[in-house]
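Inside the fold
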Amino acid sequence: MQKESCLLCQIIEGKIPSKKVYEDDLILVVLDVNGANPGHCFILPKNHYPIIEQVPDVEIARMGNIANKISSAIFENLGVQGTNLFITNGVPAGQTVAHFMMHVIPRKEKDNVNLEWQPKQLTEEEMSTVELKIKEHANSIGGFKTGEQEKTIKQPEPTTTPSSDEDEDYFSRQLERIP
Ligand SMILES: [Zn+2]
């Protein structure tokens, strides 16, 4: 599908109305009108990329960062117990629109959203074969741009620190998400 006929590009350009919950120069986050649960969000790169392999590192990193923060916003404000961060990449994987995106799906126990599968049993040899096939290409992973992030991390602590009670409370609530 070309950009001109892409449903998500039309949402990004405002030709189709949507409920926008976040926007910056590269990314738009909208509510899914057919969401699995209330608060189901799409994280959309504003540029049109059909599949994840085409998305530049800086944009996929931004998407991951925003998905994490949207997940926190959902968890903190919608009374849910968890989230799924979900990508359908390719038609067999369930991708229905040729514009890459990430889903953030709010989850509650017994909410009838089913992402389960039957495990495939592989022999030791089959496992080793797929391990090697992936490893061979995974060896070229690297060259991440970390300079700016390192600078951010090395910044001195602010003089007014949040109360540790608040921190602990937040941390324990995050842990409660893990069954
Ligand atoms: Zn598009």
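The coordinates are above.
Structure report, in brief.

Criteria and cut-off values
Residues numbered from 1 in each chain as written. Predicted model: local features only at pLDDT ≥ 70, side-chain atom pairs only at ≥ 80, totals over all residues. Heavy atoms only, no water. Helix = DSSP H or I, 4+ residues; strand = E, 2+ residues; numbered from the N terminus. Buried < 20%, exposed > 50% of the residue type's maximum accessible area, 1.4 Å probe, protein only. Contact = heavy atoms within 4.5 Å. Areas by Shrake-Rupley, 256 points an atom, 1.4 Å probe, with all protein chains shown as cover. Expected span 1.5 Å × (residues − 1). Core = buried A, V, L, I, M, F, W, Y, C linked by side-chain atoms within 4.5 Å. Pairing = 2+ DSSP bridges. Axes fitted to C-alpha atoms, helices over the stretch in contact; angles between N-to-C directions.

1. Notes on the overall build of the chain
- Counting its regular elements, the chain contains 5 helices and 5 strands.
- Out of the 179 residues in the chain, the part that is buried amounts to 28%.
- In the chain, of all internal contacts separated by at least 6 residues, the share reaching a separation of at least 24 is 57%.
- When the accessible surface of the chain is summed, it comes to about 13300 Å², and 55% of that surface belongs to carbon and sulfur atoms.

2. Focus: helix H2 (residues 57-77)
- Taking 1.5 Å of rise per residue, the 21 residues of H2 would be expected to cover 30 Å, and the 30 Å separating its terminal C-alpha atoms lies within 8% of that figure.
- Within the span of H2, buried status applies to Glu59, Met63, Ile66, Ala67, Ile70, Ser71, Ser72, Ile74 and Phe75.
- Of the residues one or two after H2, Gly79 is the one with positive phi, at around 65 degrees.

3. Here's the deal with the environment of His103
- Mapping His103 onto the fold places it in strand S5 (residues 102-107).
- The class of His103 is buried, set by a relative accessible area of 12%.
- With 16 residues separating them along the chain, His103 and Ile87 place their C-alpha atoms 6.2 Å apart.
- Contact partners of His103, with chain neighbours within four places excluded, come to His40, Cys41, Phe42, Asn84, Leu85 and Phe86.

4. Some details on the nonpolar core
- Ranked by size, the top nonpolar core spans 16 residues in total, and within it Ile27, Val29, Ile43, Ile70 and Val104 carry the most contacts.
- When contributions to this core are tallied by element, the ones reaching two or more residues are strand S2 (27-31), strand S3 (41-45), H2 and S5.
- Sorting elements by how many residues they give to this core places H2 first, with 5 residues.
- What Ile43 contacts, discounting residues up to four positions off in sequence, is Ile27, Leu28, Val29, Met63, Ile66, Ala67, Ile70, Met101, Met102 and Val104.

5. A word on the sheet that holds S2
- A sheet is described by the order of its strands in space; here 5 strands give the open sequence S1-S2-S3-S5-S4, paired in antiparallel fashion. If you trace the sheet from one side to the other, it starts and ends with strand S1 (20-23) and strand S4 (82-86), each paired once. For this sheet, the mean inter-axis angle between neighbouring strands, taken without regard to orientation, is 15 degrees.
- Bridge count for S2 against S3 is 5 bridges, and the pairing is antiparallel. By the bridge assignment for S3, Val30 is matched with Phe42.

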